Amino acid sequence: MSPTSGLVTAHALPSYLQADHLGPWGTYLQQVDRVTPYLGHLARWVETLKRPKRCLIVDVPIELDNGTIAHFEGYRVQHNTSRGPGKGGVRFHQDVTLSEVMALSAWMSIKNAAVNVPYGGAKGGVRVDPRLLSRGELERLTRRYTSEIGLVIGPTKDIPAPDVNTNEQIMAWMMDTYSMNVGETATGVVTGKPVHLGGSLGRREATGRGVFTLGVEAAQHIGLPIEGARLAVQGFGNVGGVAAKLFAAAGARVVAVQDHTGSLYREAGLDVAALLAHVQAQGGVGGFAGAEPLANDAFWGVDCDILIPAALEGQITAANAGQIQARMVIEGANGPTTPEADDILHDQGVLVLPDVIANAGGVTVSYFEWVQDFSSFFWSEDEINARLVRILKEAFAGIWQVAQEHKVSLRTATFIVACQRILYAREMRGLYP
Ligand code: GLU
C-alpha cells in the first residue's frame, strides 16, 4: 500500500457539510451533482464547490434595554474566492443556521459567476428575530456582529450587503463599525448603503428590477404576453414588492400575494401602490382592505401565468409543485424550489427562471456601487439601470443558448456557465502551496 493511499481515499465530507436532504445545503449539493456531467475536464475540481472555503461562527452578545445580556449566534461563510473577493448579503432571521448560510453563500458564488461580476460567493447571518429588538438593540447587535466578523471582511476581502430583514441603515452601521476599527472611512466594505453614504442610485430596486427585466425576457421566449398576465407573488418586501410594481406598470395583474402575515386574492388585480403603502405601515400584507383573504395553502394553486416566490428558501416542494398553474416561475428568493419540485415543474412544462440569474440584479448593482466607491465617482440612475439591463440580458442569452444546446433546465444551464467560470479560475490559479 502506498504511504499516501490513506490520504487519497479520505474524501468523506466533514459532518457539517453532509447533505441534509431536506435543507438548502442538500438542495445545493444536488444541483451541483446535476451539473457535474457537463463540466468536462473541470469536473476534476468539482469537490471545491461542495466545501465552503471558510465558515466563521461568532457569538454576538448585547445588552438589552432591560439590562439583561442576550447572546445571538452569527455566521459569515465564504464559499469560494477563486474569481474575486467574497460577496453576499447578511440576513437577520430567527431560523438562520450554519447550513442555510453555507447554501446561500454557495448560491452567491454561482450567481456572481453567472452574471460575470468579479466576485466569489459569501453570506452572513444572525439567528435573531429583529422585530423583537428595539432600534438601539438592533444597532448594538449589528455593530457587535460586524466587529466579530471584522477579521474576515474588507473592501477587497469580502463585502456584505442587505438580505432578508437587513437594510440601508444596517449597512450604514456596518460600514461605520468596520471604519472605526480600521481607522479610516471604508465605504467599499459593504454595499446597499444609503445613497448619501457611498450607496448607489438604483441599488434598492435592483433585485426587483432584475426579476422584472429577466421575467419579461423569458416570457418573450415562451410567447407569454406581459400585458394582462396574471401574477402571484410570495413575499412583498424589497424583491417581491418592487417586481410586482414593475410588472403592474407593464400591464400585468397581481391577483394573489402572500407573506408571513397572510394571503390575499383579487381577481381584478390588486392596487399595488396601495398595497406597498399598507406593507410599509403595517409590516405585511395581512389586513389589507382592497382584497379578499385567501387560505395560505390555496396560494400555490391560484390560477395565474407567472408565479414569483420572493420570500425564503424551500417554499416550492414536492407537496405543492403539482398544484402550480403558472407557465413561468421567477425565483426572486434564493433557493425557493427543491430539486424534486424542479422535476415536477419541468414535467408540467413550467419554465423556471432560477434564483441564480433571476435575482442577480441586486448583486450586479452592488458591484456598480463598489466600483463607484473605489473611484469616488458616482453614476446617474439611468446609466446604472441601462448597464444592469445590458448585463442581465447578455447573461440570460448565454444561459438560454446553453439550455437549448444540452437540453437542460435554465437552472442547470446557469450552473454549467457559472461552474465552468469558477472552476476554470480554480484550475488556472492552481493549488497553493
Ligand atoms: N442579498 C442579495 C442576494 O442574495 C444581494 C447580495 C449583494 O448585493 O451582495 O443576492
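Above this text is the structure in question.
In every chain, residue numbers begin from 1 and rise along the written sequence. Under the rules for a predicted model, residues below a pLDDT of 70 receive no local features and side-chain atom pairs below 80 are neither given nor counted, while totals for whole chains, interfaces and linings still include all residues. Side-chain descriptors were evaluated using all non-hydrogen atoms of the structure, hydrogens and water having been removed beforehand.

Draft legend 1. Structural view of the site of the ligand. Definition of nearness: a residue and a molecule or strand are near each other if at least one heavy atom of the residue lies within 4 Å of the molecule or strand. The full set close to the ligand counts 14 residues, and K87, K111, P162, D163 and S366 are the nearest of them. Nitrogen and oxygen atoms within 3.5 Å of one another constitute a polar contact, given that in protein one can donate a hydrogen and the other can accept it, and given that sequence-neighbouring residues count only through two side-chain atoms. K123 places a polar side-chain atom, nitrogen or oxygen, 3.1 Å from an oxygen atom of the ligand. Note that a nitrogen atom of the ligand is positioned 2.9 Å from one of the backbone N or O atoms of P162. Here the ligand has 300 Å² of accessible area as a free molecule, and 95% of this is covered by the chains. For the area figures, the Shrake-Rupley method with a 1.4 Å probe applies, and any residue is considered shielded solely by the protein chains shown.

Draft legend 2. Inspection of the nonpolar core at higher detail. Throughout, nonpolar core names a set of buried Ala, Val, Leu, Ile, Met, Phe, Trp, Tyr and Cys residues whose side chains join them through atoms within 4.5 Å. Think of it in three bands: with a 1.4 Å probe and only protein chains considered, a residue is buried below 20% of the maximum accessible area for its type, exposed above 50%, and partly exposed in between. In terms of nonpolar packing, the biggest core is built from 92 residues, with Y28 and I306 touching the most fellow members. Beyond its immediate stretch of four places on either side in the chain, I306 contacts L224, I226, A229, R230, L231, A232, F247, A326, M328 and I330. If you look at the next biggest cluster of nonpolar residues, it comprises 27 residues, including V90, F92, L133 and Y178. Here, two residues are considered to be in contact whenever any of their heavy atoms come within 4.5 Å of each other.

Draft legend 3. Spotlight on the sheet that holds strand β13 (residues 351–353). What makes two strands pair is DSSP finding at least two bridges between them. We count a stretch as a helix when DSSP gives it H or I for four or more residues in a row; a strand needs E for two or more, and each element gets its number in order from the N terminus. Spatially, β10-β9-β8-β7-β11-β12-β13 is the arrangement adopted by the seven strands of the open sheet, whose pairing is mixed. Here the strands that pair on one side only, and so sit at the sheet edges, are β10 (292–293) and β13. As paired strands, strand β9 (residues 262–265) and β10 are joined by two bridges and run antiparallel to one another. The partner of L264 across the bridge, within β10, is P293.

Draft legend 4. Structural context of the packing of aromatic side chains. What counts as a ring pair is set by centres within 6.5 Å for rings of Phe, Tyr and Trp (its six-membered ring), and what kind of pair is set by the plane angle: stacked under 30 degrees, edge-to-face over 60, tilted for all other angles. Applying the stated criterion across every chain, the model contains 11 aromatic pairs. Grouped by ring-pair contacts, the aromatic residues Y119, Y367, F368, W370, F374 and W379 constitute a single cluster. Here, a charge over a ring is recorded when the distance from Lys NZ or Arg CZ to the ring centre is within 6 Å and its angle to the ring normal is within 35 degrees. Cation over ring: R387 sits above W379, and NZ or CZ is 4.5 Å from the ring centre.

Draft legend 5. View of the pairing of strand β5 (residues 121–127). Buried residues dominate β5, accounting for six of its seven residues. In terms of strand pairing, strand β2 (residues 69–80) meets β5 through six bridges, oriented antiparallel. Across the sheet, Q78 pairs through a bridge with A122, a residue of β5. In terms of strand pairing, strand β4 (residues 90–93) meets β5 through four bridges, oriented parallel. Considered in β5, the bridge of H93 is made with R127. A crossover gets the label right-handed when its path from the first strand over the helix to the second runs clockwise, viewed with the strands pointing away from the viewer. On the question of chirality, the crossover connecting β4 to the parallel β5 by way of helix α3 (residues 98–114) is right-handed.

Draft legend 6. Inspection of the state of the cysteines at higher detail. In plain terms, two cysteine sulfur atoms within 2.5 Å form what is called a disulfide here. This model, assessed by the stated rule, comprises zero disulfides. With no disulfide of its own, C419 lies 18 Å from the sulfur of C55, the closest cysteine sulfur. Under the relative-accessibility criterion, C419 is labelled buried at 0%.

Draft legend 7. Structural detail: the side chain of K50. Relative to the helices and strands, K50 is located in the loop between α2 (24–35) and β1 (54–63). In terms of polar contacts, K50 uses its side chain to reach the side chain of D33, at 2.8 Å. The residues contacting K50, other than those within four sequence positions of it, are L13, L17, W25, L29, V32 and D33.

Draft legend 8. Quick peek at the packing of α3 against helix α13 (residues 410–429). Angles here are taken between N-to-C directions and fall from 0 to 180 degrees, while the axes themselves are lines fitted to C-alpha atoms, restricted in helices to the stretch in contact. Axis separation between α3 and α13 bottoms out at 8 Å; the angle between their running directions is 90°. Taken together, the axis directions place α3 and α13 in an arrangement best described as roughly perpendicular. Judged by residue contacts, W107, S109, I110, A113 and A114 of α3 engage T414, F415, A418, C419, R421 and I422 from α13. Residues are grouped as follows: nonpolar covers Ala, Val, Leu, Ile, Met, Phe, Trp, Tyr, Cys and Pro; charged covers Asp, Glu, Lys and Arg; every other residue, Gly included, is treated as polar. When its residues are assigned to classes, the contact of α3 with α13 shows eight nonpolar, two polar and one charged. The scheme is simple: roughly parallel for angles under 35 degrees, roughly antiparallel for over 145, roughly perpendicular for 65 to 115, oblique for anything else.

Draft legend 9. Spatial organisation of unusual backbone geometry. Cis geometry is found at the peptide bond from Y432 to P433, where omega equals 5°. Looking at the element boundaries, P433 is found in the segment after α13. In this structure, S376 takes a positive phi of about 50° despite not being glycine. Along the chain, S376 falls in the loop between α11 (361–375) and α12 (381–406). The exposure class assigned to S376 is exposed, which follows from its relative accessible area of 58%. In this structure, K407 is a non-glycine residue whose phi angle is positive, near 55°. For K407, the position within the fold is in the loop between α12 and α13.

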